[in-house]
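Residues per chain, in single letters:
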Amino acid sequence: MAASTWLTIVGISLLGTVASFWGIGGVVHYWYYVRKRAHAADWKIQPKRFLGPRLTRHAFFLGSANILMGSVIAGTFAWLVATRGVSLLYVDARQYGLWYLPVSAVLLFFAIDAGLYYSHRALHQKTLFRHI
């Protein structure tokens, strides 16, 4: 029973990922990089620079692997919360007091932003950049 629930929740997560990344992302790619390529100066900061076909495919496959892996992790987290109640997240704002809700949201925003910034900087170090 638990395995089928996990498959269902992860499957829904994967379906949402595929619909957003491949579906919406595909439409945006087609709209700008195919249809409006000749007018790139209207919408692009570097209008004369485009990825070649090989790098476009590489970016698509790398992005797909990344987003699918994240989707499986997020689906597994959602399954753990739904079936076992495993989470440090709280759903009752009165649990820590109403003042904590906006404070925790701002702190979480800065924690996520800092994590993304420093991981991005680390990935631009010569050793990592060459291999990733």
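Residues numbered from 1 in each chain as written. Predicted model: local features only at pLDDT ≥ 70, side-chain atom pairs only at ≥ 80, totals over all residues. Heavy atoms only, no water.

Student: Would you explain the overall build of the protein chain in this entry?
Tutor: Helices and strands together make up the secondary structure of the protein chain, namely four helices and zero strands. Secondary structure elements in the protein chain, listed N-terminal to C-terminal, are α-α-α-α. For the protein chain, the C-alpha radius of gyration of 20 Å lies well beyond 14 Å, the compact-globule estimate for 132 residues. Its C-alpha atoms give the protein chain principal-axis dimensions of about 55 × 40 × 35 Å. Long-range pairs, those at least 24 residues apart, make up 56% of the contacts in the protein chain with a sequence separation of at least 6. As displayed, the protein chain has an accessible area near 11000 Å², and 70% of this comes from carbon and sulfur atoms. (Helix = DSSP H or I, 4+ residues; strand = E, 2+ residues; numbered from the N terminus. Rg over C-alpha atoms; globule rule 2.2 N^0.38 Å. Contact = heavy atoms within 4.5 Å. Areas by Shrake-Rupley, 256 points an atom, 1.4 Å probe, with all protein chains shown as cover.)

Student: Just to check I follow, could you spell out the pattern of salt bridges for this structure?
Tutor: For side chains bearing opposite charge, pairing can occur when the charged atoms are close. The final tally for this structure, using the stated rule, is one salt bridge. A salt bridge links D92 to R94; its shortest N-O distance comes to 3.3 Å. Exposure remark for D92: the relative accessible area of 34% places this residue in the partly exposed category. (Salt bridge = Lys/Arg side-chain N within 4 Å of Asp/Glu carboxyl O. Buried < 20%, exposed > 50% of the residue type's maximum accessible area, 1.4 Å probe, protein only.)

Student: Would you mind going over the packing of aromatic side chains with me for this structure?
Tutor: Each aromatic ring pair is specified by the distance between its two centres and by the angle formed by the two planes. This model, assessed by the stated rule, comprises ten aromatic pairs. Three or more aromatic residues joined by ring pairs form one cluster here, namely F21, W22, F60 and F61. In this structure, R37 is placed above the aromatic ring of F50, and the distance from its NZ or CZ to the ring centre is 3.9 Å. Positioned over the ring face of F50 is K44, at 4.7 Å from the centre of the ring. (Phe/Tyr/Trp six-rings, centres within 6.5 Å; stacked < 30°, edge-to-face > 60°. Lys NZ or Arg CZ within 6 Å of the ring centre and 35° of its normal.)

Student: Got a minute to help me understand the packing of helix α1 (residues 2-35) against helix α2 (residues 53-84) in this structure?
Tutor: Packed helices, taken two at a time, are described by the angle between their axes plus the distance between the axes. Running from amino to carboxyl end, α1 crosses α2 at an angle of 145°, the nearest separation of the two axes being 8 Å. The hand of the α1/α2 crossing is right-handed. Here the residues of the contact of α1 with α2 sort into 16 nonpolar, eleven polar and no charged. (Axes fitted to C-alpha atoms, helices over the stretch in contact; angles between N-to-C directions. Left-handed = near helix turned anticlockwise from the far one by under 90°. Nonpolar A, V, L, I, M, F, W, Y, C, P; charged D, E, K, R; others polar.)

Student: When you look at the confidence of the model for the protein chain in this model, what are you seeing that I'm missing?
Tutor: When pLDDT drops low, the exact placement of atoms in the prediction is not to be read closely. Here the protein chain averages 90 in pLDDT, and 99% of its residues register 70 or above. The least confident element of the protein chain is helix α4 (residues 126-131), whose mean pLDDT is 80; the most confident is helix α3 (residues 100-123), at 93. (pLDDT = per-residue confidence, 0-100.)

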